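Chain by chain, the residues:
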2 protein chains.
Amino acid sequence: MASNEFDLIARYFEQQKVSRRDVALSIGDDCALLEVPAGSQLAVSTDSLVSGTHFLSDADPVLVAHKALASNLSDLAAMGATPAWVSLALTMPGPDELWLKAFCEGFFALAEYYNVQLVGGDTTKGPLSITITVHGFVPQGQALTRSGAEAGDWVYVTGNLGDSAAGLSLLLGEKSTDDESLKATLLERHYKAQPRILAGQALRGIASAALDISDGLISDLGHILERSGLGADIEVDKIPLSPELCQFESDEIKACQMALSSGEEYELCFTVPEQNRGALDTALVHSGVKATCIGQLRSGAGIRLVRDGQELDWHLHGYDHFAE
Amino acid sequence: MASNEFDLIARYFEQQKVSRRDVALSIGDDCALLEVPAGSQLAVSTDSLVSGTHFLSDADPVLVAHKALASNLSDLAAMGATPAWVSLALTMPGPDELWLKAFCEGFFALAEYYNVQLVGGDTTKGPLSITITVHGFVPQGQALTRSGAEAGDWVYVTGNLGDSAAGLSLLLGEKSTDDESLKATLLERHYKAQPRILAGQALRGIASAALDISDGLISDLGHILERSGLGADIEVDKIPLSPELCQFESDEIKACQMALSSGEEYELCFTVPEQNRGALDTALVHSGVKATCIGQLRSGAGIRLVRDGQELDWHLHGYDHFAE
């Protein structure tokens, strides 16, 4: 059976179930032809996942696909955007149909959940990697950005932090546990983070700045501070930790440090002016996502980690691909 | 000097000169925020170039960048679209600043020529590869697609064919020449093909179908035929060959076969109904691009190569990444 590039693409990627009315022309031509609704801006983000850097080469392709698409959707969530279309560039060593079938299963399951249509891409031969570009809509002028925060605004995060790092430490064999159920839970949280799409949309008009936590809170919050020309005091005891993380890492300080530097969390970090705090509580009820206030912005620069009123001298850093 | 991921991105990618009014928010946030003009559809295409598959690992980064962006812009050209924005996902083994500087030089030179703004992307660690997503505009309902051709329509190509394959054969050491000037010209044509943006725009309302030649005419024309449910007779003596190709490959038949299967040409192949042939001649004058009629569509299926009224039994095929 001939299995050329075009057959491969056709067989796996043209079978998706999502079919949006704003897609005039999808996969199979030189370009997709797409229609952005009147009154909306287009939000676009691109992320790559590289085998050996972002996932292990023998990782379950269902999970790799989920992670690749979820990390991109998370960028839309951070802008308060509604997902619409996705392009997928897949580089693989050869036409491994079993891998491709499983990858598509994970990819389309998440895409269907958010009614996102695959509109194009490329399949090439080479070391395994995945680059995804997502497109979404946001009402004109209402996107959440990294700038716009002011001194006195409160700092929040959605969900819990640190589970992804705990799962990664299990994957890499850096830490272990005899509790198989705990292990399964933390691995699942590493691979199957849910992008906070509804929460992001709910934050429009309420948050003064927002982003998603992909390189670690301590690193990502820094971007908001730089853009807004501010500093922040973060109360480490308020960092939301899951019961599973506390079980996995019983040293409270280490668990907290893990949460502060854990990348690929895909929770949102955002800032809220005092007068919007009431509206926030109401807005998030509908998204089913908890948000925890962990500190406050101040004039100055940098992040001060505080516990019991004392500044801590923890030296933490986020994830940097090119760090030595 | 610390050289982390964010510094690298900031230093090289935030210094571009293009600044478009339809870009509300560019590099540096979770997403770019973009505005599509009223009455236009958005045309989107993604292409990957992988070291070792699409270019040699020691290739000049200026040329690699040109080729990567040109191949994507060529997809917009094939739809008759006007380029606007580009996302760049760059995977590289380490923070090689010399390489990055040269890459940006090639990338931004071409981007500036077409007034295309880099609006986002990702920089990751891994085997060298480049994935680009381009965005362009096309007036509602006027895009050139691969379907829509009818029996009797004439088949055209822009420019000359085969020079890219000749340059590649030099690069790979499959063929050689003592003529250094000829060598330089063919290598330049392999690496620095110009996307036929103006020609593509001029073909709106004139061509019945179009695409760009990325995998070889014999392969790409097949896509138009499949989509339109037709066959084609191609007169091989009409395939436009450059004087340099004829000098490099003096065997006329081999030169012609090279032209028919040469990928990465980034010329347009398009079909024109009889009644639009006059309009075509007028329209292309302004683009400065020649177009040559090489055959005609007929009912049936497949491509018949014809010479002096005789059908040829040449067995040619286009480029397939996954072919054994």
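Fair warning: this is a prediction, and the values are worked out from it, not measured in the lab.

Caption draft 1: Here's a closer look at the UniProt feature "domain: PurM-like C-terminal" (unreviewed entry) in chain A. Summarizing the sequence annotation, UniProt attributes the feature "domain: PurM-like C-terminal" (unreviewed entry) to residues 150-305 of chain A in the numbering used throughout. For residues 150-305 of chain A, helix accounts for 41% and strand for 20%, while the C-alpha atoms at its two ends are 19 Å apart.

Caption draft 2: Just the relation of the copies chain B and chain A, in detail. Between chain B and chain A, which share one sequence, the superposing operator has a rotation angle of 180° and an axial displacement of 0.0 Å; the RMSD is 0.0 Å. The symmetry that links the two subunits is that of a two-fold axis.

Caption draft 3: Looking closely at the UniProt feature "binding site: Mg(2+) 3" (unreviewed entry) in chain A. Under the present numbering, the feature "binding site: Mg(2+) 3" (unreviewed entry) in UniProt falls on Asp30, Asp75 and Asp212 of chain A. For the annotated residues, spread through 183 residues, the largest C-alpha to C-alpha distance comes to 32.6 Å, inconsistent with a single compact locus. With respect to the helices and strands, Asp75 of chain A occurs in helix 2 (residues 61-79). Its relative accessible area of 8% is what places Asp75 of chain A among the buried residues. When residues no more than four places from it in sequence are discounted, the contact partners of Asp75 of chain A are Ser45, Asp47 and Asp212 of chain A together with Asp30 and Cys31 of chain B.

Caption draft 4: Examining a nonpolar patch on the surface more closely. There is a patch of nonpolar side chains on the surface, built from Leu56, Leu168 and Leu172 of chain A and spanning about 220 Å² of accessible area. Looking at the secondary structure, you find Leu172 of chain A in the loop between helix 4 (163-171) and helix 5 (180-191).

Caption draft 5: Broad picture of the interface of chain B and chain A. Each side of the interface is counted separately: chain B has 66 residues, and chain A has 65 residues. Both faces considered, chain B and chain A share a buried interface measuring about 5,100 Å² in area, 56% of it formed by carbon and sulfur atoms. Inspection of the region where chain B meets chain A yields four salt bridges. Here Arg146 of chain B and Asp29 of chain A are joined by a salt bridge, their closest N and O atoms 3.7 Å apart. Remark: the boundary between chain B and chain A carries 24 residue pairs in polar contact (both at pLDDT 80 or more). Ranked by residues supplied to the side of chain B that touches chain A, first place goes to strand 3 (residues 40-50) of chain B with nine residues. Residue composition of the side of chain B that touches chain A, grouped by class: 28 nonpolar, 24 polar and 14 charged. As paired elements, strand 3 (residues 40-50) of chain A and strand 2 (residues 32-34) of chain B share three bridges and run antiparallel to each other. In the strand pairing of strand 2 of chain B, Val44 of chain A is matched with Ala32 of chain B.

Cut-offs used in this document
- Residues numbered from 1 in each chain as written.
- Chains lettered and ligands numbered in written order.
- Predicted model: local features only at pLDDT ≥ 70, side-chain atom pairs only at ≥ 80, totals over all residues.
- Heavy atoms only, no water.
- UniProt positions renumbered as here; feature names shortened; annotations may be inferred.
- Helix = DSSP H or I, 4+ residues; strand = E, 2+ residues; numbered from the N terminus.
- Least-squares fit on C-alpha atoms with pLDDT ≥ 70 in both.
- Buried < 20%, exposed > 50% of the residue type's maximum accessible area, 1.4 Å probe, protein only.
- Contact = heavy atoms within 4.5 Å.
- Patch = residues over 30% accessible without salt bridge, like charges linked within 9 Å, V, L, I, M, F, W, Y side chains within 5 Å.
- Areas by Shrake-Rupley, 256 points an atom, 1.4 Å probe, with all protein chains shown as cover.
- Salt bridge = Lys/Arg side-chain N within 4 Å of Asp/Glu carboxyl O.
- Buried area = accessible area lost by both parts, 1.4 Å probe.
- Polar contact = N/O pair within 3.5 Å; in protein donor to acceptor, adjacent residues only side chain to side chain.
- Nonpolar A, V, L, I, M, F, W, Y, C, P; charged D, E, K, R; others polar.
- Pairing = 2+ DSSP bridges.

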